[in-house]
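# Secondary and tertiary structure notes
If you want the building blocks of each chain, they are given just below.
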Amino acid sequence: MAGPQTPSAPFRHLLVCANPSTHSFDHAIVNTYAETARGYGHGVEVRDLYALGFDPVLRDEERPGTGAWTPSADVAAELDLLNAADILVLVYPIWYGLPPAMLKGYVDRVLGANHSFRKVADNRTQSPLAGKPLLSFSTSGLSHVWLHARGQDDSLRAVFDAYLMRAFGMRRSDHVAIDEIVPNMSEHHAAAQLERVRAAARQVCEMPARADA
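Residues numbered from 1 in each chain as written. Predicted model: local features only at pLDDT ≥ 70, side-chain atom pairs only at ≥ 80, totals over all residues. Heavy atoms only, no water.

Glancing now at unusual backbone geometry. The phi dihedral of Tyr96 falls on the positive side, at around 55°, and the residue is not glycine. Take Tyr96: it is sitting in the loop between β3 (87-93) and α4 (101-111). Residue Tyr96 is classed as exposed on the basis of its relative accessible area, which comes to 85%. If you check the backbone angles, Glu180 has positive phi at about 55° while not being a glycine. Along the chain, Glu180 falls in the loop between β5 (172-178) and α8 (187-212). (Helix = DSSP H or I, 4+ residues; strand = E, 2+ residues; numbered from the N terminus. Buried < 20%, exposed > 50% of the residue type's maximum accessible area, 1.4 Å probe, protein only.)

What follows is the structure in structure tokens.
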């Protein structure tokens, strides 16, 4: 089996985490993914939205309109990182069927910065996400069986993943759903899920090498 390869221009991963608990399994996912990607010589930027104190509230003056638009300082900083990234990786828990409001605010203020519904409808995107892949890791205390029986898993992908991909002209969207993440879960279950994270990270890291082949 071939080992990690270091590309001539380091591939850059932007990891956005939306979980308020620093001891959460979501943070273990972030750490595992980042460690794997760095092992390939890739660049990794982690944005822990709660730790950063990111303001998720979109205000009227930030909404895209017909006049001149200037991003606020915090959004401009996030846009710089987004522009520099080769892939966007989202890590979040499922709360009441949806990502936390913190992540929705990141979508509203950063991903959707100056990107109006007219641009979405007309497929006119100048988004820093255009042509880039999206990878999402979601965690749930409930099982896949329970979520699937209620149509929750398919609904989340349609409302969030697929919409983001199409609205911002992204190249592809993949989702790793990790279920039964509870305080008393077994070490075996936790280890198995983190191995899924490593596998997903390796697959992303090997994409540039395959593209250059």
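One open sheet accounts for five strands, arranged β2-β1-β3-β4-β5; its pairing is parallel. Lying at the two open borders of the sheet, with one neighbouring strand each, are β2 (43-48) and β5. Strand-to-strand twist of the sheet, defined as the mean angle between neighbouring strand axes without regard to direction, takes the value 15°. Relative to β5, strand β4 (residues 133-139) runs parallel, the two sharing seven bridges. Bridge assignment links Pro133 to a residue of β5, and that residue is Arg172. Here helix α1 (residues 25-39) sits on the sheet in contact with β1 (12-17), β2, β3, β4 and β5, set at roughly 175° to β1. (Pairing = 2+ DSSP bridges. Axes fitted to C-alpha atoms, helices over the stretch in contact; angles between N-to-C directions. Contact = heavy atoms within 4.5 Å.)

This paragraph deals with the packing of aromatic side chains. Following the criterion strictly, the structure yields three aromatic pairs and no others. An angle of 70° between the planes, with centres 5.9 Å apart, marks the rings of Tyr33 and Phe137 as edge-to-face. Of this pair, Tyr33 sits in helix α1 while Phe137 sits in strand β4; the two residues are 104 residues apart in sequence, bridging distant segments of the chain. Here Tyr33 and Phe137 have matching classes, each one buried. For the pair Tyr92 and Phe160, a centre-to-centre distance of 5.9 Å together with 70° between the ring planes defines the contact as edge-to-face. Taken together, the residues span a long stretch of sequence, with Tyr92 in strand β3 and Phe160 in helix α7 (residues 152-167) at a distance of 68 residues. Classification of Phe160 by relative accessible area gives buried; the value is 8%. (Phe/Tyr/Trp six-rings, centres within 6.5 Å; stacked < 30°, edge-to-face > 60°.)

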